[in-house]
Amino acid sequence: MSSSELPASPEFKANHAELMDGVYRWQRHIYDLTRKYYLLGRDRLISGLDVPVGGTVLELGCGTGRNIILAARRYPHARFYGLDISAAMLETAGKAIDREGLSGRVILARGDATDFDARALFHVERFDRVFVSYSLSMIPGWEKTVSAALAALSPNGSLHIVDFGQQEGLPRWFRTLLRGWLKKFHVAPRESLREVLESESRRTGASFRFRTLYRGYAWLAVIGPRG
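This write-up is about the structure you can find in this document. Just so it is clear, the structure is predicted and the values come from calculations on it, not from any experiment.

Attention now goes to the overall build of the chain. Counting its regular elements, the chain contains nine helices and seven strands. The 227 residues of the chain split such that 54% are buried. Looking at the chain as shown, the accessible area adds up to about 11,200 Å², and 52% of this sits on carbon and sulfur atoms.

On a regular strand, one side chain projects to one face of the sheet and the next to the other, so that they alternate. With seven of seven residues buried, strand β7 (residues 218-224) is to be regarded as a mostly interior element. The two faces of β7 match: Ala218, Leu220, Val222 and Gly224 on one face and Trp219, Ala221 and Ile223 on the other face are all buried. Pairing of strand β5 (residues 153-164) with β7, which is carried by six bridges, proceeds in the antiparallel orientation. Residue pairing for β7: Asp163 is matched across the bridge by Trp219. In this sheet, β7 lies alongside strand β6 (residues 207-213) in antiparallel orientation, the contact comprising seven bridges.

Now for the nonpolar core. Ranked by internal contacts, the top residues of the largest apolar core, which has 32 residues, are Leu58, Leu60, Phe127 and Leu159. Secondary structure elements with two or more residues in this core: β1 (56-60), β2 (79-84), α6 (118-122), β4 (127-133), α7 (142-151), β5, α9 (193-204) and β7. Setting aside anything within four residues of it in sequence, one finds Leu60 in contact with Leu83, Ala113, Phe116, Val130, Phe131, Val132, Ser135, Thr145 and Ala149. Among the nonpolar cores identified, the runner-up in size contains 31 residues, and Phe164, Phe185, Ala218 and Leu220 belong to it.

If you trace the backbone, Leu90 turns up in helix α5 (residues 87-99). What makes Leu90 buried here is its relative accessible area of 12%. Residues within four places of Leu90 in sequence aside, it is in contact with Cys62, Gly63, Asp84, Leu108, Ala109 and Arg110.

Let us look at the pairing of β1. Across the five residues of β1, five count as buried, placing the element largely inside the fold. Covered by surrounding structure in β1 are Thr56, Leu58 and Leu60 together with Val57 and Glu59, the residues of both alternating faces. The sheet contact formed by β1 and β2 spans five bridges and is parallel. Directly across from Leu60, in β2, lies its bridge partner Leu83. With helix α4 (residues 66-74) bridging β1 and its parallel neighbour β2, the resulting β-α-β unit is right-handed. With three bridges connecting them, β1 and β4 associate as parallel partners. In the strand pairing of β4, Leu58 is matched with Val130.

As for its placement among the helices and strands, Glu59 is situated in strand β1. For the buried residue Glu59, which engages in no salt bridge, the nearest side chain bearing the opposite charge is Arg42, 7.8 Å off. Among the polar contacts made by the side chain of Glu59, one reaches the side chain of Asn67 at a distance of 3.3 Å. Those residues in contact with Glu59 that sit more than four places away from it in its chain are Asn67, Ile68, Tyr81, Gly82, Leu83, Phe131 and Ser133.

Definitions and cut-offs
Residues numbered from 1 in each chain as written. Predicted model: local features only at pLDDT ≥ 70, side-chain atom pairs only at ≥ 80, totals over all residues. Heavy atoms only, no water. Helix = DSSP H or I, 4+ residues; strand = E, 2+ residues; numbered from the N terminus. Buried < 20%, exposed > 50% of the residue type's maximum accessible area, 1.4 Å probe, protein only. Areas by Shrake-Rupley, 256 points an atom, 1.4 Å probe, with all protein chains shown as cover. Pairing = 2+ DSSP bridges. Core = buried A, V, L, I, M, F, W, Y, C linked by side-chain atoms within 4.5 Å. Contact = heavy atoms within 4.5 Å. Right-handed = clockwise from strand over helix to strand, strands pointing away. Lys, Arg positive; Asp, Glu negative; His and termini not counted. Salt bridge = Lys/Arg side-chain N within 4 Å of Asp/Glu carboxyl O. Polar contact = N/O pair within 3.5 Å; in protein donor to acceptor, adjacent residues only side chain to side chain.

This is the structure we're talking about:
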């Protein structure tokens, strides 16, 4: 059974939330310190958001809040919203946002990135930017997250994604070691990521940009309006 075929029942979602809380209940305290060495391309994604003044930005899988805080600093005239399935991660993110004095512009909510109601969670129906940073490789049924993100965009909005690539330009031994390490945290690079994003961009009539970073270590993609 592929990840896209996994059940999306309330029980399954609750189990996944419990799994993420279990994995990151303690890891969240050192997450940013350790992940900065191998979650490459995140800052490039943030710099490419180009958020309009007064714009709205949603991060799916916001984790500890590291990315949303950096984005809020870079785009001080925008409003930010973060969604995550892990209560433990949201607790850490909320404290970090409060420390940075950003609680007036950043709102967090617990929810499933594959099936969420932005209006109910945030009182916002559409966003100028949606971004997903190293979360699709952790989400069962991740393809649904892509569809849900596109559905949440405003007419001229764009979806920005960075995640593990297939390490196609790196030695095989490196790929083996990396994937073994990632598996410990229930992370699996998505081989069909580019194919799915291209398909979704065609379905929605959107533009598609794709970049390979660091010899395929990471993939960076943007789905946005035509022209």
